[in-house]
Amino acid sequence: HRYGVKNTFGSLIEGMTGKGKINVENLGLVNIIAEDMNDTSAFAKVLDGALTYSGFRAMDRLGKNTALEAAFKMNKGLAKSQKGVAKLKEKWGDIYGVEFEGLVQDLQAGRVSENVKLLMFSELSGHQPISLLEMPLKYLENPNGRVFYNLKSFTIKQMDMLRQSVYDE
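Keep in mind that this is a model prediction, so the values were computed, not measured.

### Let's talk about the overall build of the chain
Okay, so step 1: Along its length, the chain carries ten helices and zero strands.
Okay, so step 2: Burial status across the chain gives 40% buried among its 169 residues.
Okay, so step 3: For the chain, the proportion of contacts with a sequence separation of at least 24, taken over those separated by at least 6, is 71%.
Okay, so step 4: Working note: accessible area of the chain is about 10,100 Å², and carbon and sulfur atoms make up 59% of it.

This is the structure:
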């Protein structure tokens, strides 16, 4: 939906193997499933083991790698035309400021620079809660109550993405 059928299905093999230009290792997200599960308590250790042995962690990694590679391909494709660069500038120009031209050059060359990594992190965080940026205010204000958000932040993020895609657009 976000990156196009061609980019997504074309990235599936890279997602399975982790051999794409960009993946969870590049971004330091190997053991991050969702921010609400970034905990060191005994409960979190049990949950981590369950997620690993059930195959959930592997499926999450596949999803993240596929999304990252598809986003990279989409943005790389946009950087190849003036119309696409205008779309990139509309969405990311203010954020990158003077570094925007460097970002476009890196995308055109297929380079995974720090700016491209930041772009891919931002793309991924647009549909998965991988950092505190995506967490609700009550989660941030109540460290002892964060356990109640376990495995719910992903659904909240998906509902927000659906609202943005359907209602706002």
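### Some remarks on the pattern of salt bridges
Okay, so step 1: This model, assessed by the stated rule, comprises six salt bridges.
Okay, so step 2: Note that Glu25 and Arg61 form a salt bridge whose closest N and O atoms lie 1.8 Å from each other. Of this pair, Glu25 sits in helix 3 (residues 24-27) while Arg61 is found in helix 5 (residues 56-78), placing the two residues 36 residues apart along the sequence.
Okay, so step 3: Note on Arg61: relative accessible area 32%, which makes it partly exposed.
Okay, so step 4: Between Asp160 and Arg163 there is a salt bridge whose closest N-O contact spans 2.5 Å. Of this pair, Asp160 and Arg163 both sit in helix 10 (residues 153-168), three residues apart, which is roughly one turn of the helix.
Okay, so step 5: Accessibility expressed as a relative area gives 24% for Asp160, which makes it partly exposed.
Okay, so step 6: The class for Arg163 is partly exposed, based on a relative accessible area of 39%.

### A closer look at the environment of Lys64
Okay, so step 1: Counting through the fold element by element, Lys64 comes out in helix 5.
Okay, so step 2: Considering only alpha carbons, one finds Lys64 and Val30, 34 residues apart in sequence, at a separation of 9.7 Å.

### Regarding the side chain of Glu69
Okay, so step 1: Note on placement: Glu69 falls in helix 5.
Okay, so step 2: Buried within the structure, Glu69 lacks any salt-bridge partner; its nearest side chain of opposite charge belongs to Lys73, at an N-O separation of 4.7 Å.
Okay, so step 3: There is a polar contact of 2.9 Å between the side chain of Glu69 and the backbone nitrogen of Lys21.

### Observations concerning the packing of helix 7 (residues 100-109) against helix 8 (residues 114-125)
Okay, so step 1: Running from N to C, helix 7 and helix 8 point in directions that differ by 90°, and their axes come no closer than 9 Å. Considering the angle they form, helix 7 stands roughly perpendicular to helix 8. Contacts from Leu103, Asp106 and Leu107 in helix 7 reach Asn115, Val116 and Leu119 in helix 8.

### Observations regarding the nonpolar core
Proteins that are soluble and globular tend to have nonpolar side chains buried together.
Okay, so step 1: Leu68, Phe100, Leu103, Leu107, Leu119 and Met120 are the most contacted members of the largest nonpolar core, which has 24 residues in total.
Okay, so step 2: When contributions to this core are tallied by element, the ones reaching two or more residues are helix 3, helix 5, helix 6 (82-96), helix 7 and helix 8.
Okay, so step 3: For this core, the element with the most residues is helix 5, which contributes five residues.

### Remarks on the confidence of the model for the chain
Okay, so step 1: Across the chain, the average pLDDT comes to 82, with 88% of residues at or above 70.
Okay, so step 2: Summarising per-element confidence for the chain, the mean pLDDT is lowest in helix 4 (residues 42-54) (74) and highest in helix 7 (95).

About the criteria used
Residues numbered from 1 in each chain as written. Predicted model: local features only at pLDDT ≥ 70, side-chain atom pairs only at ≥ 80, totals over all residues. Heavy atoms only, no water. Helix = DSSP H or I, 4+ residues; strand = E, 2+ residues; numbered from the N terminus. Buried < 20%, exposed > 50% of the residue type's maximum accessible area, 1.4 Å probe, protein only. Contact = heavy atoms within 4.5 Å. Areas by Shrake-Rupley, 256 points an atom, 1.4 Å probe, with all protein chains shown as cover. Salt bridge = Lys/Arg side-chain N within 4 Å of Asp/Glu carboxyl O. Lys, Arg positive; Asp, Glu negative; His and termini not counted. Polar contact = N/O pair within 3.5 Å; in protein donor to acceptor, adjacent residues only side chain to side chain. Axes fitted to C-alpha atoms, helices over the stretch in contact; angles between N-to-C directions. Parallel < 35°, antiparallel > 145°, perpendicular 65-115°, else oblique. Core = buried A, V, L, I, M, F, W, Y, C linked by side-chain atoms within 4.5 Å. pLDDT = per-residue confidence, 0-100.

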